[in-house]
Amino acid sequence: MSRSLRRITIVGASIAGTRAAAALRRRGFDGALTLIGAESVPVYQRPSLSKTFLTGDQQAADIALSQQDLDADIRLGTRTVQLDVAKRQVWLQEGDRAPYALPYDGLLIACGARARRLPGPPLPGVHTLRSVADADVLRQGLRTGSPRVAVVGAGLIGQEVAATARTLGLEVTLIDPLPLPGAPVLGTGAGRVLADLHREHRTRLCMGCGVAALEGTDRVTGVRLRDGTTVAADVVVVGIGVDPAVEWLIGSGLHLDNGVRCAGKSRCPRGARRHGRR
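Cut-offs used in this document
Just so you know, the residues in each chain are numbered from 1, in the order the chain's sequence is written. In keeping with the model being predicted, local features are shown solely for residues with a pLDDT of at least 70 and side-chain atom pairs are shown and tallied solely at 80 or more, while totals for entire chains, interfaces and linings include all residues. Water and hydrogen atoms play no part in the side-chain values, which are based on all heavy atoms of the structure. Strands here are runs of E lasting at least two residues and helices are runs of H or I lasting at least four, both read from the DSSP assignment and numbered beginning at the N terminus. For every residue, the accessible area (1.4 Å probe, protein chains only) is compared with the maximum for its type, and the residue is labelled buried under 20%, exposed over 50%, or partly exposed between those bounds. We call two residues in contact whenever any of their non-hydrogen atoms come within 4.5 Å of each other. Per-residue and other accessible areas follow the Shrake-Rupley method at a 1.4 Å probe size, with only the shown protein chains counted as cover for residues. For this count, His and the chain ends are skipped, Lys and Arg are scored as positive, and Asp and Glu as negative. Each charge is placed at NZ for Lys, CZ for Arg, CG for Asp and CD for Glu. Pairing between strands is defined by DSSP: at least two bridges between them are needed. In this description, a line fitted to the C-alpha atoms serves as the axis of each element, helices being fitted only across the stretch in contact, and the angle between N-to-C directions of two axes falls anywhere from 0 to 180 degrees. Classification of ring pairs rests on two measures: the distance between centres of Phe, Tyr or Trp rings, Trp counted by its six-membered ring, which must be within 6.5 Å, and the angle between planes, read as stacked under 30 degrees, edge-to-face over 60 and tilted in between. Two thresholds decide whether a charge sits over a ring: the Lys NZ or Arg CZ must be within 6 Å of the ring centre and within 35 degrees of the ring normal. In the sections that follow, a salt bridge refers to a side-chain nitrogen of Lys or Arg positioned within 4 Å of a carboxyl oxygen of Asp or Glu. Every residue is assigned a pLDDT by the predictor, reflecting its confidence on a scale from 0 to 100.

**Observations regarding the overall build of the protein chain**
Part 1 of the argument: When its secondary structure is counted, the protein chain shows seven helices and 18 strands.
Part 2 of the argument: Once the C-alpha set of the protein chain is aligned to its principal axes, its extents read approximately 60 × 40 × 35 Å.
Part 3 of the argument: Taking all 278 residues of the protein chain together, 44% fall into the buried category.
Part 4 of the argument: Intrachain contacts of the protein chain at a sequence separation of at least 6 include 61% that bridge at least 24 residues.
Part 5 of the argument: Carbon and sulfur atoms make up 50% of the accessible area of the protein chain, which amounts to about 14500 Å² in all.
Part 6 of the argument: Positive and negative side-chain charges in the protein chain, numbering 37 and 25 respectively, have mean positions lying 7 Å apart.

**A word on the sheet that holds strand 12 (residues 204-207)**
Part 1 of the argument: Reading across from one edge, 9-16-10-11-12 is the order of the five strands in this open sheet, with parallel pairing throughout. Single-partner strands in this sheet number two, and they are strand 9 (126-127) and strand 12.
Part 2 of the argument: Relative to strand 16 (residues 235-238), strand 10 (residues 149-152) runs parallel, the two sharing four bridges. Residue pairing in the sheet places Val149 in a bridge with Val235 of strand 16.
Part 3 of the argument: Packed onto the sheet, helix 4 (residues 132-142) meets strand 9, strand 10 and strand 16 and runs at close to 150° relative to strand 16.
Part 4 of the argument: Across the sheet, helix 5 (residues 156-167) lies against strand 10, strand 11 (172-176) and strand 16, angled at about 170° from strand 11, the strand it touches most.

**A word on the sheet that holds strand 4 (residues 78-84)**
Part 1 of the argument: Strand order in the open sheet formed by three strands is 4-5-6, and the pairing between neighbours is antiparallel. Each edge of the open sheet is held by one strand with a lone partner, namely strand 4 and strand 6 (100-103). Strand-to-strand twist across the sheet, computed as the mean angle between neighbouring axes with direction ignored, equals 35°.
Part 2 of the argument: The pairing of strand 5 (residues 89-94) with strand 6 spans four bridges and is antiparallel. Across the sheet, Gln89 pairs through a bridge with Pro103, a residue of strand 6.

**Some remarks on the packing of aromatic side chains**
Part 1 of the argument: All chains considered together, the criterion is met by zero aromatic pairs.
Part 2 of the argument: It is Arg139 that lies over the ring of Phe53; its NZ or CZ is 4.3 Å from the centre.

**Side note on the side chain of Gln89**
Part 1 of the argument: Along the polypeptide, Gln89 turns up in strand 5.
Part 2 of the argument: In this view, Gln89 contacts Gln82, Leu83, Asp84, Ala101, Leu102, Pro103 and Tyr104; residues no more than four positions away in its chain are not counted.

**With respect to the pattern of salt bridges**
Part 1 of the argument: Under the criterion given, the structure shown has 13 salt bridges.
Part 2 of the argument: Ionic pairing is found between Glu160 and Lys51, a salt bridge with its closest N-O pair at 3.4 Å. Here Lys51 lies in the loop between strand 2 (32-36) and helix 2 (52-55) and Glu160 lies in helix 5, a separation of 109 residues in the sequence.

**What to know about the confidence of the model for the protein chain**
Part 1 of the argument: When the pLDDT values of the protein chain are averaged, the result is 92; 93% of them are 70 or greater.
Part 2 of the argument: Every residue in residues 266-271 is under pLDDT 50, and counting partners more than four places away or in other chains gives eleven contacts.
Part 3 of the argument: Ignoring residues within four places in sequence, the model shows residues 274-278, a span with pLDDT below 50, making 23 contacts including any to other chains.

Have a look at this one:
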């Protein structure tokens, strides 16, 4: 560990940032260590959000991970709004307060991603699932009456949410423009197996159907497909992937290309490193 690195800031206090901080301590770094997290809750196991947390079998405390022994300044509920590479400082903002600068000797970028949304203004009843806050709101929506659920996107998150909603006894429709769930990642054979499994559990599949628009005025009432049909829904979960949370890096001089392109010292400004997406 370089002796010139006495202050290391990690932007991102989720699993990647926390694991990186732990690794720094294990390797003997004894300087000032700061973790910046936009969420207001400590690090947790994100995969549980679409499964046992959503059903209510687990609470926030059950999926929390330990940050003990990091000896770090952990600033939760804090957004990183700008990076000044030349001055080696990041600009932070807490709530509505004025942004302030935090100097660093070394910077590690682990700010993760945010869920993509469908085009159009926000509509009550339409959800994404990326955080504990998202899962809390969705869990309440799934338990209010017996809502009809439409899941847009048959990737891993979408399939998990659909399966979880079926375990709650809800009417579920899984929608995707591709012909088989999960096929781009898992392959055609696995996609067929997954499709049969969803049908066996009485999930309606609308595969090969793109979304034209969401319907509803004060609240979502359905999903209109490009073939002209409408899937009636009281709750819509959008699981169409994520985008890297790098808006704060625009103008910093870092090469942004679906994240931060960083291939050694030749492309990464001195003192800045990228670590993970999550």
